[in-house]
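Remarks on the overall topology
The residues making up each chain are set out below.
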Amino acid sequence: QKVSYSVKDGDSTITGTNVIGYLDNKADNTVIIGAHFDHLGYGAEGSLYRGDTIQIHNGADDNASGVAVLLDLAKKLKGANKGNNYLFITFSGEEMGLLGSNYYAKNPTFANDKANYMVNMDMVGRLKADSALAVYGVGTSPIFKQTLKAHNEKFKLIEKESGVGPSDHTSFYNVDIPVLHFFTGQHEDYHKPTDDFDKRNYEGMNAISSYVFDVITDLDDNGKLPFRKTKNESEETPRFKVGLGVIPDYIFDGKGMRIDGLIEDKPAQKGGLEKGDVVVKLGDSTITDMTSYMKALAAFKEGDKTTVLVERKGDKVEKDIQF
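Residues numbered from 1 in each chain as written. Predicted model: local features only at pLDDT ≥ 70, side-chain atom pairs only at ≥ 80, totals over all residues. Heavy atoms only, no water.

1. So, the packing of aromatic side chains
For the structure shown, the criterion picks out eight aromatic pairs. Aromatic pair Y117 and F144: ring centres 6.1 Å apart, planes at 80°, arrangement edge-to-face. You can see Y117 sitting in strand β4 (residues 115-121) and its partner F144 sitting in helix α3 (residues 144-150), a full 27 residues away along the chain. Ring plane angle 90° and centroid distance 6.4 Å describe the contact between F182 and Y211, whose orientation is recorded as edge-to-face. Of the two residues, F182 is situated in strand β7 (residues 179-183) and Y211 in helix α5 (residues 202-219); the sequence distance between them amounts to 29 residues. A residue is classified by how much of its surface remains accessible, and F182, at 1% relative accessible area, is buried. For Y211, a relative accessible area of 3% corresponds to the buried category. (Phe/Tyr/Trp six-rings, centres within 6.5 Å; stacked < 30°, edge-to-face > 60°. Helix = DSSP H or I, 4+ residues; strand = E, 2+ residues; numbered from the N terminus. Buried < 20%, exposed > 50% of the residue type's maximum accessible area, 1.4 Å probe, protein only.)

Put into structure tokens, the structure is as follows:
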């Protein structure tokens, strides 16, 4: 496709742009509210689409949903909660490796020690029927857990301590800023043209915006929040030689690993696994959560055969698969 980009000194550098808005309440500290606005365009690297025709990947959930909630929060915060200033920033280059947020964290518009905390919203457009909402970074400041609990009347919160994850909040955690990252979960339209506006849960997005606003309001008179380092859960993730070919439900809090989608022509689909199946055993390993699933998967190599035991609509089903 024809691409329009800026070039520096003829070296073919493609320049991305972060977009920033600022509410100046003349306060000592500033709350950063962020979301990434880039996606995959026509697909290319990172796309999970396997069709024959080129199609635009609009990224309605990933991450137009996050940008929409950010804009709604900007509207809500104008003239409210003046104990902090507010910097709203939409990042470029997230899909290529958190490039926009990484650049900002290293070249901030105000000193990082004046940043109170950072709120990140990446994929908040698909709140499910069980109202499960993942919040990452709850361990990065001591006050976060109690504040999140105090204002939760709607959601089944899935809380993660770590400030490190595959989204822009990581860049701010790495410069010692407390972070909260909101996420409604993976789905089978992830990085495909089918991630479009008609599949978004708009009432859910509105509820998330109101919830985040309530949390920010509660924290408004708490002054500068203390930062706390957390255990980096991603460092304990085993390295894989093979994949099952599924999209896990990362915010499933039952026993096992729930399949939220299947990738075509991969072991899971070929073996007869289905969306909604809950993997409870992989080979000889019992699966209780994502961590045990990843540890079990790391033991296999290409060409290995094994069995998968799943719970499917109340029944136990065993399938043979080959990696």
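2. Let's talk about the pattern of salt bridges
Going through the model one piece at a time under the given rule, you end up with 15 salt bridges. Residue R258 pairs with D260 through a salt bridge whose shortest N-O separation is 2.7 Å. Using a relative accessible area of 5% as the deciding quantity, one classes D260 as buried. The closest approach of N and O atoms between D277 and R312, which form a salt bridge, is 2.8 Å. With a gap of 35 residues between them, D277 in the loop between α6 (267-270) and β10 (278-282) and R312 in strand β12 (residues 305-312) connect regions that are remote in the sequence. (Salt bridge = Lys/Arg side-chain N within 4 Å of Asp/Glu carboxyl O.)

3. What to know about the sheet that holds β4
Judged by pairing direction, the sheet is mixed, and its seven strands sit side by side in the order β1-β3-β2-β4-β7-β5-β6 without closing on themselves. Here the strands that pair on one side only, and so sit at the sheet edges, are β1 (19-23) and β6 (156-160). Each neighbouring strand pair of the sheet contributes to a mean axis angle of 20°, computed without reference to strand direction. Sheet topology note: the strand β2 (residues 30-36)/β4 ladder contains four bridges and is parallel. Its bridge partner being in β4, T30 is matched across the sheet by A115. (Pairing = 2+ DSSP bridges. Axes fitted to C-alpha atoms, helices over the stretch in contact; angles between N-to-C directions.)

4. Thoughts on the pairing of strand β3 (residues 85-91)
In terms of burial, β3 is a largely internal element, seven of the seven residues being buried. Side chains of β3 alternate between two faces, with N85, L87, I89 and F91 and Y86, F88 and T90 buried alike. Relative to β3, β1 runs antiparallel, the two being bridged by five bridges. Looking across to β3, one finds that V19 is bridged to T90. Traced from β2 through helix α1 (residues 60-77) to β3, the parallel crossover comes out right-handed. (Right-handed = clockwise from strand over helix to strand, strands pointing away.)

Honestly, that's just the spatial picture; any functional story needs more than this.
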